[in-house]
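# Results of the structural survey
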Amino acid sequence: ARDFPPGARWWLFAFDQAYTDAGRPDPDHTTFHVPDLYARAVADANADRFDWVASIHPYRDDAASALQRAAQGGAKAVKWLPSAMNIDLRDRRSTAFAEGAARLGLPLIVHSGEELAVPGAGRDAFGNPLHVRHLLERGATVVMAHCGSLGHAEDEDRPSRPRVPAFDLFARLMDEPGHGPRLMGDLSALFQRNRRPEVWRAIVETERWHNRLLHGSDHPL
């Protein structure tokens, strides 16, 4: 923390385990695990610099109570990485959790697009940006991590379901009426060398999105 600019505040992220479809912990498909209690303890010990973000798998039996504890403990948001954690945003457990998060005023930070750093459960199709609509329909505020800036996903809005750049689907969501300030993107990793220039040029040049884009460091990448 001593290397950060004076006065800067940073969000420290927890990261839940992968879970099976039946709602049981899946250590064999968990790349790493940072419990909420650990992230909160580190943030509290450095309260002049850090806030913390919870990570709660919606398939957990205690998901609702864990969400309440996170809100009471000062969490600023909840982080999901669907492909690594095995979270289908269309699942009723995910949408019910989104509704609960909306009631508590906690945004969901959801990775969208291809995932290369955290293989986990390997459910690549769960990174489809269009699946975020199911959370928005339940009133949630969603930050789409990395703006869907890597890989391809099925365009489920078209009968032939062609695979298109995930970023194109992110852009479609950002321009859909009705989402307004409840849909945002974060810029973490967006300017790394493995992103296409067309992506960051679109981000820079599309001024109508700028008030819904958040800085993210993606440290240590």
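As a reminder, the structure under discussion sits directly above these lines.
About the criteria used
- Residues numbered from 1 in each chain as written.
- Predicted model: local features only at pLDDT ≥ 70, side-chain atom pairs only at ≥ 80, totals over all residues.
- Heavy atoms only, no water.
- Helix = DSSP H or I, 4+ residues; strand = E, 2+ residues; numbered from the N terminus.
- Rg over C-alpha atoms; globule rule 2.2 N^0.38 Å.
- Buried < 20%, exposed > 50% of the residue type's maximum accessible area, 1.4 Å probe, protein only.
- Contact = heavy atoms within 4.5 Å.
- Areas by Shrake-Rupley, 256 points an atom, 1.4 Å probe, with all protein chains shown as cover.
- Lys, Arg positive; Asp, Glu negative; His and termini not counted.
- Charge placed at Lys NZ, Arg CZ, Asp CG, Glu CD.
- Pairing = 2+ DSSP bridges.
- Patch = residues over 30% accessible without salt bridge, like charges linked within 9 Å, V, L, I, M, F, W, Y side chains within 5 Å.
- Salt bridge = Lys/Arg side-chain N within 4 Å of Asp/Glu carboxyl O.
- Phe/Tyr/Trp six-rings, centres within 6.5 Å; stacked < 30°, edge-to-face > 60°.
- Lys NZ or Arg CZ within 6 Å of the ring centre and 35° of its normal.
- Polar contact = N/O pair within 3.5 Å; in protein donor to acceptor, adjacent residues only side chain to side chain.

### Thoughts on the overall build of the protein chain
In terms of regular secondary structure, the protein chain is built from seven helices and nine strands. Computed over its C-alpha atoms, the radius of gyration of the protein chain comes to 17 Å, within 12% of the 17 Å expected for a compact globule of 221 residues. Considered along the principal axes of its C-alpha atoms, the protein chain spans approximately 45 × 45 × 35 Å. A burial count over the protein chain gives 48% of its 221 residues as buried. Counting contacts in the protein chain only where the partners sit at least 6 residues apart, residues at least 24 apart contribute 71% of the total. Accessible surface computed for the protein chain: about 11200 Å², of which carbon and sulfur atoms make up 51%. When the 27 positive and 30 negative side-chain charges of the protein chain are each reduced to one mean point, those points stand 2 Å apart.

### Considerations on the sheet that holds strand β5 (residues 142-145)
Strands belonging to one sheet form pairs held by backbone hydrogen bonds; the direction of such a pair is parallel or antiparallel. The sheet built from five strands is open, its strands ordered β3-β4-β5-β8-β9 with parallel pairing. Of all strands in the sheet, those with a lone pairing partner are β3 (78-80) and β9 (213-214), marking the two edges. Across two bridges, the pairing between strand β8 (residues 183-186) and β9 is parallel. The residue of β9 that forms the bridge with G185 is L213.

### Regarding a nonpolar patch on the surface
A surface patch of nonpolar side chains, about 290 Å² in accessible area, is lined by F191, W200 and V204. Its location among the elements puts V204 in helix α7 (residues 197-205).

### Description of unusual backbone geometry
Here the phi dihedral of C147 falls at roughly 55°; this positive angle occurs in a residue that is not glycine. For C147, the location among the structural elements is in the loop between β5 and β6 (152-154). The phi angle at R161 is positive, at roughly 50°, despite the residue not being glycine. Relative to the assigned elements, R161 resides in the loop between β6 and β7 (163-165).

### Re the packing of aromatic side chains
Within the structure shown, the criterion is met by six aromatic pairs. Here the aromatic rings of F191 and W200 are separated by 6.3 Å at their centres, their planes lie at 40°, and the arrangement is tilted. Residue F191 is classed as partly exposed on the basis of its relative accessible area, which comes to 49%. An aromatic cluster is present here, built from F167, F170 and W209 joined pairwise through their rings. Above the ring of Y59, the side-chain terminus of R93 is found at 3.7 Å from the ring centroid.

### What to know about the side chain of S94
Relative to the elements of secondary structure, S94 occurs in helix α4 (residues 92-104). Within the local environment of S94, its side chain forms a polar contact with the backbone oxygen of D88, the two atoms lying 2.8 Å apart. Excluding residues that lie within four positions of it along the chain, S94 makes contacts with P58, Y59, W80, I87, D88, L89 and L135.

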